[in-house]
Amino acid sequence: MSLAVVGANLDGARVGLRAVDGVIVALGPDVEPEPGDEVLDGSAHILLPGLVNGHTHAAMTLFRGYGSDLGLMEWLEQRIWPAEGRLDDDAVYWGTRLACLEMIRSGTVRFWDMYWHPEAVARAVQDSGVRASVGFPLVDGMDPERGKQVQAEGERTLDALAELGPHITPSLTPHAIYTVSEPTLEWAAGQAADRGLPLHLHFLEIEDEISGCETRYGIRPAELLDRVGALGPNTVLAHGVWMDQPELELVAERGATVVTNPASNLKLAVGRIFPYEAMRAHGIPVGLGTDGAASNNSLDLLAEVKLLALLQKHRQRDPKAMPAEEAWAIATGAQAPLLGGTPLAVGQPADFVLVREQAPALEPGHLVANLVYAATGEVVDATVVDGQVLMRDGVVEGEEEIVARARECARRLGVTDERSSD
Ligand SMILES: [Zn+2]
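Cut-offs used in this document
Throughout this description, residue numbers start from 1 for each chain and increase along the sequence as written. Per-residue local features are limited, in this predicted model, to residues with pLDDT of at least 70; the limit for side-chain atom pairs, both in listing and counting, is 80 or more; totals at the level of whole chains, interfaces and linings are taken over all residues. Hydrogens and waters are ignored; side-chain quantities use all the structure's heavy atoms. Each helix corresponds to a stretch of at least 4 residues labelled H or I by DSSP, and each strand to a stretch of at least 2 residues labelled E; elements are numbered beginning at the N terminus. Put simply, the radius of gyration uses C-alpha atoms, and a globule should come to 2.2 Å times the residue count raised to 0.38. When accessible area is computed with a 1.4 Å probe and restricted to protein chains, residues below 20% of their type maximum are described as buried, those above 50% as exposed, and intermediate ones as partly exposed. All accessible-area figures derive from a Shrake-Rupley calculation using a 1.4 Å probe, and residue coverage is judged against the displayed protein chains alone. Neither His nor the chain ends is counted toward charge; the positive residues are Lys and Arg and the negative residues Asp and Glu. Every charge is mapped to an atom, namely NZ of Lys, CZ of Arg, CG of Asp or CD of Glu. Only nitrogen, oxygen and sulfur atoms count as donors, using a 2.8 Å cut-off from the metal that widens to 3.2 Å for Na, K and Ca. Water is left out, so coordination shells may look unfilled. Four donors are marked tetrahedral only if all angles between them lie between 85 and 135 degrees, whereas four are marked square planar and six octahedral if opposite donors are more than 155 degrees apart and the other angles lie between 65 and 115; the remainder are marked irregular. A pair of Phe, Tyr and Trp rings is counted when the ring centres sit within 6.5 Å of each other, with Trp represented by its six-membered ring. The angle between the planes then sorts it: under 30 degrees is stacked, over 60 is edge-to-face, the rest tilted. Geometrically, a charge over a ring is one whose NZ (Lys) or CZ (Arg) sits within 6 Å of the ring centre while staying within 35 degrees of the ring normal. To qualify as a nonpolar core, a set must consist of buried Ala, Val, Leu, Ile, Met, Phe, Trp, Tyr and Cys residues joined through side-chain atoms within 4.5 Å. Segment limits for the domains were obtained from an automatic or database-derived domain assignment. DSSP-based pairing: two strands are paired if at least 2 bridges between them are found. To get an axis, fit a line to the C-alpha atoms, keeping to the stretch in contact for a helix; angles then go from 0 to 180 degrees between the N-to-C directions. In this analysis, two residues are considered to be in contact whenever any of their non-hydrogen atoms come within 4.5 Å of each other. The term buried area means the drop in 1.4 Å probe accessible area that two parts suffer when joined, counted for both and summed. Criterion for a salt bridge: a side-chain nitrogen of Lys or Arg within 4 Å of a carboxyl oxygen of Asp or Glu. Between the first and last residue of a helix there are one fewer steps than residues, each counted as 1.5 Å, and that sum is the expected span. Pairing of N or O atoms within 3.5 Å defines a polar contact, subject to two protein rules: one partner must be a possible hydrogen donor and the other a possible acceptor, and residues neighboring in sequence count only if both atoms are side-chain atoms.

Colleague: I would appreciate a short explanation of the overall build of the protein chain in the present structure.
Modeller: A count of helical and extended segments in the protein chain gives 14 helices and 18 strands. Here the C-alpha radius of gyration of the protein chain, 21 Å, is about what a compact globule of 422 residues would show, namely 22 Å. Looking at the 422 residues of the protein chain, the share that counts as buried comes to 58%. Accessible area of the protein chain: about 16500 Å², with a carbon and sulfur share of 50%. Each charge class in the protein chain can be summarised by its mean position, and for the 33 positive and 62 negative side chains these summaries are 3 Å apart.

Colleague: What exactly am I supposed to notice about the coordination of the zinc ion here?
Modeller: Each donor-metal-donor angle would ideally measure 109.5 degrees in four-coordinate tetrahedral geometry, or 90 or 180 degrees in six-coordinate octahedral geometry. Here the zinc ion is held by His 55 (NE2), His 57 (NE2), His 202 (NE2) and Asp 291 (OD), and the distances to it run 2.1 to 2.3 Å. For the zinc ion, the four donor atoms are set out with angles of 87 to 172 degrees between them, so the coordination reads as irregular. Written as a sequence motif, the donor arrangement for the zinc ion is H-x1-H-x144-H-x88-D. Of the two residues, His 202 is situated in strand 12 (residues 199-203) and Asp 291 in the loop between strand 15 (286-288) and helix 11 (301-316); the sequence distance between them amounts to 89 residues. Pair check on accessibility: His 202 and Asp 291 agree, each one buried.

Colleague: Help me understand the packing of aromatic side chains, please; the structure alone is not making it clear to me.
Modeller: The description of two aromatic rings rests on the distance between their centres and on the angle between their planes. Going through the model one piece at a time under the given rule, you end up with two aromatic pairs. Between Phe 63 and Tyr 66, the ring centres sit 6.4 Å apart and the planes meet at 40 degrees, which makes this aromatic pair tilted. Relative accessible area serves as the criterion here: at 18%, Tyr 66 is assigned to the buried category. When the centroid spacing of 4.9 Å and the interplanar angle of 90 degrees are considered together, the rings of Tyr 93 and Trp 94 count as edge-to-face. For Tyr 93, a relative accessible area of 8% corresponds to the buried category. Exposure remark for Trp 94: the relative accessible area of 8% places this residue in the buried category. When the ring centre of Tyr 66 is taken as reference, the NZ or CZ atom of Arg 79 above it lies at 5.4 Å.

Colleague: In this structure, what is going on with the nonpolar core? I would like to understand it.
Modeller: Soluble globular proteins: nonpolar side chains tend toward being buried together. Grouped together as the largest cluster of nonpolar side chains are 118 residues, with contacts concentrated most on Leu 62, Phe 63, Leu 172 and Leu 237. Looking at this core, the element that brings in the most residues is helix 2 (residues 89-105), giving ten residues. Mapped onto the domain boundaries, this core takes at least three residues apiece from domain 1 (2-49 + 349-399) and domain 2 (51-339). Counting residues in each nonpolar core, the second largest holds 16 residues, with Leu 10, Leu 17, Leu 344 and Ala 350 among its members.

Colleague: Could you clarify how one ought to interpret the sheet that holds strand 10 (residues 168-170) in this entry?
Modeller: Adjacent strands of a sheet form backbone hydrogen bonds with each other and so pair up, either parallel or antiparallel. On the basis of which strands lie adjacent, the open sheet formed by four strands has the order 6-7-8-10 and parallel pairing. With partners counted over all chains shown, the strands left at the sheet margins are strand 6 (51-56) and strand 10, one partner each. Going across the sheet, the axis of each strand differs from the next one's by a mean of 10 degrees, ignoring polarity. Sheet analysis places strand 7 (residues 108-113) next to strand 8 (residues 131-134), joined by three bridges and oriented parallel. Bridge assignment links Trp 112 to a residue of strand 8, and that residue is Ser 133.

Colleague: I keep staring at the domain arrangement of the protein chain and nothing clicks. Help me out?
Modeller: Interface size is commonly expressed as the accessible area that is lost once the parts come together. Each assigned domain of the protein chain is listed with its residue range as follows: domain 1 (2-49 + 349-399) and domain 2 (51-339). Taken over C-alpha atoms, the centre of domain 1 sits 29 Å from the centre of domain 2. Listed per partner, the contact involves 26 residues of domain 1 and 27 residues of domain 2. Of the roughly 2100 Å² buried between domain 1 and domain 2, counting both surfaces, carbon and sulfur atoms make up 65%. One can count three salt bridges joining domain 1 with domain 2. With a shortest N-O distance of 3.7 Å, Arg 131 and Asp 386 are connected by a salt bridge.

Colleague: Before we go on, may I ask you to explain the sheet that holds strand 15 in this structure?
Modeller: The strand order 12-13-14-15 describes an open sheet built from four strands, whose pairing is parallel. The sheet is open, and its two borders are formed by strand 12 and strand 15, each paired with just one other strand. The sheet shows a mean angle of 30 degrees between the axes of neighbouring strands, direction not considered. Two strands pair when backbone bridges link them, and strand 12 and strand 13 (residues 235-239) are joined in this way by five bridges, in the parallel orientation. Pairing of Phe 203 across the sheet is with His 239, part of strand 13.

Colleague: What's the story with helix 5 (residues 182-195) in this structure? I'm lost.
Modeller: Given 3.6 residues per turn, any residue in an α-helix points the same way as the ones three and four places further on. Given a rise of 1.5 Å per residue, 14 residues ought to cover 20 Å, and the 20 Å separating the end C-alpha atoms of helix 5 matches this to within 8%. The set of residues buried in helix 5 consists of Glu 182, Thr 184, Leu 185, Trp 187, Ala 188, Ala 189, Gln 191 and Ala 192. Packed against the buried residues of helix 5 are strand 9 (137-138), helix 4 (144-162), strand 11 (173-174), strand 12, helix 6 (208-217) and helix 7 (221-227). One or two steps after helix 5, the chain reaches Gly 196, where phi turns positive at roughly 65 degrees.

Colleague: Where do I start with the environment of Glu 209 in this structure?
Modeller: Relative to the assigned elements, Glu 209 resides in helix 6. Taking the C-alpha atoms as reference points, Glu 209 and Asp 11, 198 residues apart in sequence, are found 44 Å from one another. Only 2.8 Å separates the side chain of Glu 209 from the backbone nitrogen of Leu 204, close enough to count as a polar contact.

Colleague: Could you clarify how one ought to interpret the side chain of Arg 110 in this entry?
Modeller: Along the polypeptide, Arg 110 turns up in strand 7. Buried within the structure, Arg 110 lacks any salt-bridge partner; its nearest side chain of opposite charge belongs to Asp 351, at an N-O separation of 5.4 Å. In this structure Arg 110 touches Leu 51, Val 52, Asn 53, Arg 131, Thr 169, Leu 339 and Gly 340, once residues within four positions along its chain are discounted.

Here is the structure:
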């Protein structure tokens, strides 16, 4: 299977790109298609690396707009958790397809998921053609006995996900330290180490996590994670807004990655802006996530990256606090190798996007500044993952069916409003 992109603008020069079996084999001004290549015309396009969504709950597209404007715990306890109790494989599959559709349309090639029915998530990811780290939220309600059942289920799921091929990375995804007992956290860390898999969990999203941890364990959340072996170079910590100085030092020392989710933090009013300058000062790898569509409510990383940069400027009272180039590097995963973003280069996976050169938001010139401060996912015209064209000329195959089936599932779950149920 081979693909050629012709005449695309890369850093101001016209180039061609060839990919064979999902790998970029040639990139440069003289690269031409070869017989048998599928061809993408890039003559009105700019070639860019794909975006990486470092934290989401893809199938929560089903709950987009449901229970908006509630507090985090009220939203979870009264709306989301009861509705999630009614989920089945079919709903999660179509919710995830809808999420993948939205991500493909906005240039995301890989995401880090944490959600129920992970085998349905994985099937949806494979059928969509993108890449994802997949795991289900380990939750034992702080009950180690229940934790044993969760662990058995976790092992079975990891075995099943391991069979699924290169687009799926199974991962251990304990929900958070306030929903998972210490023995289950320790089990998850052990499994991740034994199987060489990433560990991905919510961490210091809300301030109450600190007092809860101190009351229960007498230590700070990062110390607890370290005690159970859950802090290491294969760990992705989602949020991290309430880390204190010693926690920053510990997380940096262990090499964990932190993923910030600006829109979700703002919408759920977590009360603090992600301390990026401290992360940078400690050399902590940082990625960008959208969180689920129930708390964002968009999966468009090109919209998210603007918030990322603006919030840091505002927080520091310094427009230089996060230049556009740095925000862009974070959105493409270039500042956090664990997240799996890849550069445009020979030998790298053929994961990339083409944006419309003449999209109004990208004119005139100043590409990176315009991508960060002006563009949304609307500027993306083609998305390629593993050398497969998932969107061409703004069209994703099967789009209508995906939207219709996801809507049907949301209605069945009783989470749509009256207007959308007629
Ligand atoms: Zn989350």
